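Analysis of the macromolecular model
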Amino acid sequence: MLDGLYENSPWITQAALRRRPFTSLAQLKHVMTQVLDTATREAQLALICAHPELAGKAMLSQTLTAESTHEQSRAGLRDCSPQEFAKIQQLNADYNARFGWPFILAVRGPRGTGLSRQQIIASFERRLGEHPDFEFQECLRNIHRIAEIRLNDKFGVEPTLGNRVWDWQEALSVHSDNGFAEKNQLTVTYLTPAHRACAAQIGQWMLDCGFDEVVHDAVGNVVARYHASSPDAKYLLTGSHFDTVRNGGKYDGRLGIFVPMAAVRELQRAGRRLPFGIELVAFSEEEGQRYQATFLASSALLGAFRSEWLEQKDADGITLREAMQQAGLCPNDIPKLRREAAHYLGFVEVHIEQGPVLNELNLPLGIVSSINGSVRYLGEISGMASHAGTTPMDRRRDAACAVAELMLYCEQRAAQDGDSVATVGLLEVPGGSINVVPGQCRFSIDLRAPNDAQRDTLVRDVLARQQAICARRGVHASLQETLRVAAAPSASAWQTRWERAVAALGLPLHAMPSGAGHDAMKLHEIMPQAMLFVRGENAGISHNPLESSTSDDMQLAVEAFGLLLENLASDF
Ligand code: GLV
Ligand code: MN
Ligand code: MN
């Protein structure tokens, strides 16, 4: 029955089956990845080479395996226009010349329903530029994805809950801010029309799923409550954010809204109430894009929303207060959003990993052990604008060079720790000209480390170096701290709950720190929290439109969430 999962290579399944019995298909899938992982490179290469070219000779002469015929026709590769066909042939030839093996892509895609020809060609073009070692592994990962879909087909299994979560994210991504929507980019920043449309849509879906109450609160969060079996029971708090970075991905934040939504929909359809309620918050702001204030949505739940933030201005000079008023929010009501920790069991957040770890380990889920602490600055260095042709190199006060020097120091200093990171993500010479030595340079610094002490030493060194650079170069710096969030180790009882849920799915446990910041690190200040990570495709890239995750992985996340609820209920 399982022949054909791996193209002309039944040995992989055979070796995996020697490790029977399996708790779940997910476990069998993982064991098959382990078999291939421990095989020789020659055997791995032979497997890659057993695959036909996309829309290649084998497709035309109809000598593909039954599985490949199905996949290639489902992806519409049989219906290529002459131009598309010629393009793919050229890419096949270029790819083979560069790497020496055929290009492997799971053309059924992350949702299993088939990538478009444009998507296939775009992946092909992008991956042609990858490093051969990376590309070799990426081919193997695509082969595992192909096997996963074939296995589902053979068992008649469809990740229906994962598909629903995937489809919600796809549907929500139609809303994007002006200036980005036109370019087909996803950008949803705080309280723009697209942001308001997202909130309205999420609120509607929450009602459709059977939540008992849905409220749009004073900071623009959408808060849904599913009542417990008894009226004075505590609540489990969960959720994540729906704002995005500029030209971001569709899953960052949103996955953590839709996974619990799907789980509650199942409870409601089964007519079940738990001994605790579920409060799901779709946080309106986490990314710190439009205003300097970051995590302002989760801060409001801690009673830590600072009223002076209301005077901050966006790039168009609109204050936060004005933006809120225009959106019909009432800033005076924000203090009322403060949650009483005693009314809650704790906070759990599901999030796409946003990094390569789970992807490399062929693991769909990971358990977060801690969230790295961070500090951010917005800075400006002022030197002296002067003539680019006449100012000798030893007489310049070049503000951009000073920032460049600091930027390289940040890179080198963070690397020294091994697990700290430093990023200058904004860099601008305001009003600069090609023939003027920069007199001013604006920049940002984002510093993170696994614990606060390590982060603080990093910060101290960076600030000391900034002063030394400015003194030597005769320039002046002003630096404004815009964010400081403590590292947030997971509460061990809650981390264990996620571990039990993942283990019950038959998957190995992998605990890992989170390099990214999350709403959970704010809730951490008032209640126990722990997070679950879901593998990202494309080497886990995030804050990038290539961010992706499969509906099979989302299915497992919904199942893990459901199991966490069951375990928690059984504690009562
Ligand atoms: C949030 O996405 C962050 O970690 O910057
Ligand atoms: Mn993000
Ligand atoms: Mn996020």
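What counts, and where the lines are drawn
- Residues numbered from 1 in each chain as written.
- Chains lettered and ligands numbered in written order.
- Predicted model: local features only at pLDDT ≥ 70, side-chain atom pairs only at ≥ 80, totals over all residues.
- Heavy atoms only, no water.
- Helix = DSSP H or I, 4+ residues; strand = E, 2+ residues; numbered from the N terminus.
- Rg over C-alpha atoms; globule rule 2.2 N^0.38 Å.
- Contact = heavy atoms within 4.5 Å.
- Areas by Shrake-Rupley, 256 points an atom, 1.4 Å probe, with all protein chains shown as cover.
- Lys, Arg positive; Asp, Glu negative; His and termini not counted.
- Charge placed at Lys NZ, Arg CZ, Asp CG, Glu CD.
- Salt bridge = Lys/Arg side-chain N within 4 Å of Asp/Glu carboxyl O.
- Buried < 20%, exposed > 50% of the residue type's maximum accessible area, 1.4 Å probe, protein only.
- Donors = N, O, S within 2.8 Å, 3.2 Å for Na, K, Ca; no water.
- Axes fitted to C-alpha atoms, helices over the stretch in contact; angles between N-to-C directions.
- Parallel < 35°, antiparallel > 145°, perpendicular 65-115°, else oblique.
- Left-handed = near helix turned anticlockwise from the far one by under 90°.
- Nonpolar A, V, L, I, M, F, W, Y, C, P; charged D, E, K, R; others polar.
- Expected span 1.5 Å × (residues − 1).
- Domains from an automatic or database assignment.
- Core = buried A, V, L, I, M, F, W, Y, C linked by side-chain atoms within 4.5 Å.
- Polar contact = N/O pair within 3.5 Å; in protein donor to acceptor, adjacent residues only side chain to side chain.
- Near = heavy atom within 4 Å.

Helix and strand counts for the protein stand at 19 helices and 16 strands. Since a compact globule built from 572 residues should have a radius of gyration of about 25 Å, the 26 Å found for the protein is in line with a globular shape. The C-alpha extent of the protein, read off along each of the three principal axes, is 70 × 70 × 40 Å. Here the contacts in the protein between residues at least 6 apart in sequence split such that 77% fall between residues at least 24 apart. In the structure as shown, the protein presents an accessible area of about 23,700 Å², 51% of it carried by carbon and sulfur atoms. Placing the 55 positive and 67 negative side-chain charges of the protein at their respective mean positions leaves the two points 1 Å apart.

This part takes up the pattern of salt bridges. Taken as a whole, this structure holds 41 salt bridges when the rule is applied. A salt bridge links Asp-552 to Lys-29; the shortest N-O distance between them is 3.8 Å. On the criterion of sequence distance, the pair formed by Asp-552 in helix 19 (residues 551-570) and Lys-29 in helix 2 (residues 25-37) is long-range, its members being 523 residues apart. Each member of the pair, Asp-552 together with Lys-29, is buried. Here Arg-306 ties to Glu-308 by a salt bridge, and the two come within 2.9 Å at their closest N and O atoms. Since its relative accessible area comes to 46%, Arg-306 is described here as partly exposed.

Turning our eyes to something else, we now look at the coordination of the manganese ion (ligand 3). Listed as protein donors to the manganese ion (ligand 3) are His-241 (NE2), Asp-252 (OD) and His-351 (NE2); their distances from the metal cover 2.0 to 2.3 Å. Of note, the donors binding the manganese ion (ligand 3) are all from one chain and are spaced H-x10-D-x98-H. Separating the manganese ion (ligand 3) from the manganese ion (ligand 2) is a distance of 3.5 Å, and Asp-252 supplies a donor atom to each of them. Linking His-241 in strand 3 (residues 235-241) with His-351 in strand 5 (residues 344-352), this pair joins segments that are 110 residues apart in sequence. For His-241, a relative accessible area of 0% corresponds to the buried category.

A word on the packing of helix 11 (residues 255-269) against helix 19. Two elements in contact, helix 11 and helix 19, have axes separated by 9 Å at closest approach and are oriented at 60°. The pairing of helix 11 with helix 19 is recorded here as oblique in orientation. Where helix 11 crosses over helix 19, the two elements pack in a sense that is right-handed. Counting all contacts with helix 11, which are made through Leu-255, Val-259, Pro-260, Ala-262, Ala-263 and Leu-267, the residues of helix 19 involved are Met-554, Ala-557, Val-558, Phe-561 and Leu-565. By residue class, the composition of the contact of helix 11 with helix 19 is 11 nonpolar, no polar and no charged.

So, on to helix 9 (residues 160-172). When the terminal C-alpha atoms of helix 9 are compared, their 18 Å separation across 13 residues agrees well with the 18 Å that a helix rising 1.5 Å per residue should span. By the burial criterion, the buried members of helix 9 are Leu-161, Gly-162, Asn-163, Val-165, Trp-166, Trp-168, Gln-169 and Leu-172. On the buried face of helix 9, the contacting elements are helix 10 (193-209), helix 11 and helix 19.

The next thing to look at is the coordination of the manganese ion (ligand 2). Around the manganese ion (ligand 2), the protein contributes the donor atoms Asp-252 (OD), Glu-287 (OE), Glu-287 (OE) and His-543 (NE2), at 2.0 to 2.8 Å from the metal centre. Sequence spacing of the donor residues for the manganese ion (ligand 2), all on one chain, is D-x34-E-x255-H.

Turning our eyes to something else, we now look at the domain arrangement of the protein. With domains assigned, the protein is organised as domain 1 (11-157), domain 2 (161-371 + 514-570) and domain 3 (375-485). Its C-alpha centre places domain 1 at a distance of 45 Å from the equivalent point of domain 3.

Before going further, it helps to examine the nonpolar core. Core analysis: the biggest nonpolar cluster contains 60 residues, and Met-206, Leu-365 and Trp-498 have the highest contact counts within it. For this core, the leading source of residues is helix 19, giving 10 residues. Setting aside residues no more than four positions away along its own chain, Trp-498 makes contact with Val-348, Val-350, Ile-367, Ala-530, Met-531, Leu-532, Ala-560, Phe-561 and Leu-564. Ile-48, Leu-91, Phe-99 and Phe-124 belong to the second-largest nonpolar core, a separate cluster that totals 43 residues.

Mapped onto the secondary structure, Arg-108 falls in the loop between helix 6 (82-99) and helix 7 (117-127). You can call Arg-108 buried: its relative accessible area is 8%. At a separation of 2.6 Å, a polar atom in the side chain of Arg-108 contacts the main-chain carbonyl oxygen of Gly-112. Here the side chain of Arg-108 touches Asp-153 through a polar contact of 3.1 Å, side chain to side chain. When neighbours within four sequence positions are excluded, Arg-108 is seen to be in contact with His-70, Glu-71, Arg-74, Thr-113, Gly-114, Leu-115, Ile-149 and Asp-153.

Along the polypeptide, Ala-58 turns up in helix 4 (residues 57-60). It is 66 Å that separates the C-alpha atoms of Ala-58 and Asp-333, two residues lying 275 residues apart in sequence. Leave out the neighbours within four places in its chain, and Ala-58 touches Pro-52, Thr-63 and Leu-64.

In this section: the site of ligand 1. Near ligand 1 you find Glu-286, Glu-287, Arg-376, Arg-448, Ala-516, Gly-517 and His-543, and these make up its full shell. A distance of 2.9 Å separates an oxygen atom of ligand 1 from a polar atom in the side chain of Arg-376. In isolation ligand 1 exposes 190 Å². Once the protein is present, 92% of that is buried. In the shell around ligand 1, the residues fall into 1 nonpolar, 2 polar and 4 charged.

Mapping Ala-66 onto the fold places it in helix 5 (residues 66-74). A sequence separation of 140 residues divides Ala-66 from Met-206, and the C-alpha atoms of the two residues are 42 Å apart.

With that settled, the discussion passes to unusual backbone geometry. Here the amide bond leading from Arg-20 into Pro-21 is cis, since omega sits at 0°, within 30 degrees of zero. Although it is not a glycine, Asn-8 sits at a positive phi angle of roughly 50°. With respect to the helices, strands and loops of the structure, Asn-8 is situated in the segment before helix 1 (11-17). Residue Asn-362 is not a glycine yet carries a positive backbone phi of 55°. Topologically, Asn-362 is positioned in the loop between helix 14 (357-361) and strand 6 (365-371).

This next bit is on the packing of helix 3 (residues 41-49) against helix 8 (residues 132-155). Direction vectors running N to C along helix 3 and helix 8 enclose 60°, while the axes themselves pass 10 Å from each other. In the packing of helix 3 onto helix 8, the handedness of the crossing is left-handed. Here helix 3 contributes Arg-41, Gln-44, Leu-45, Leu-47 and Ile-48 to the contact with helix 8, which in turn contributes Phe-136, Cys-139, Leu-140 and Ile-143.

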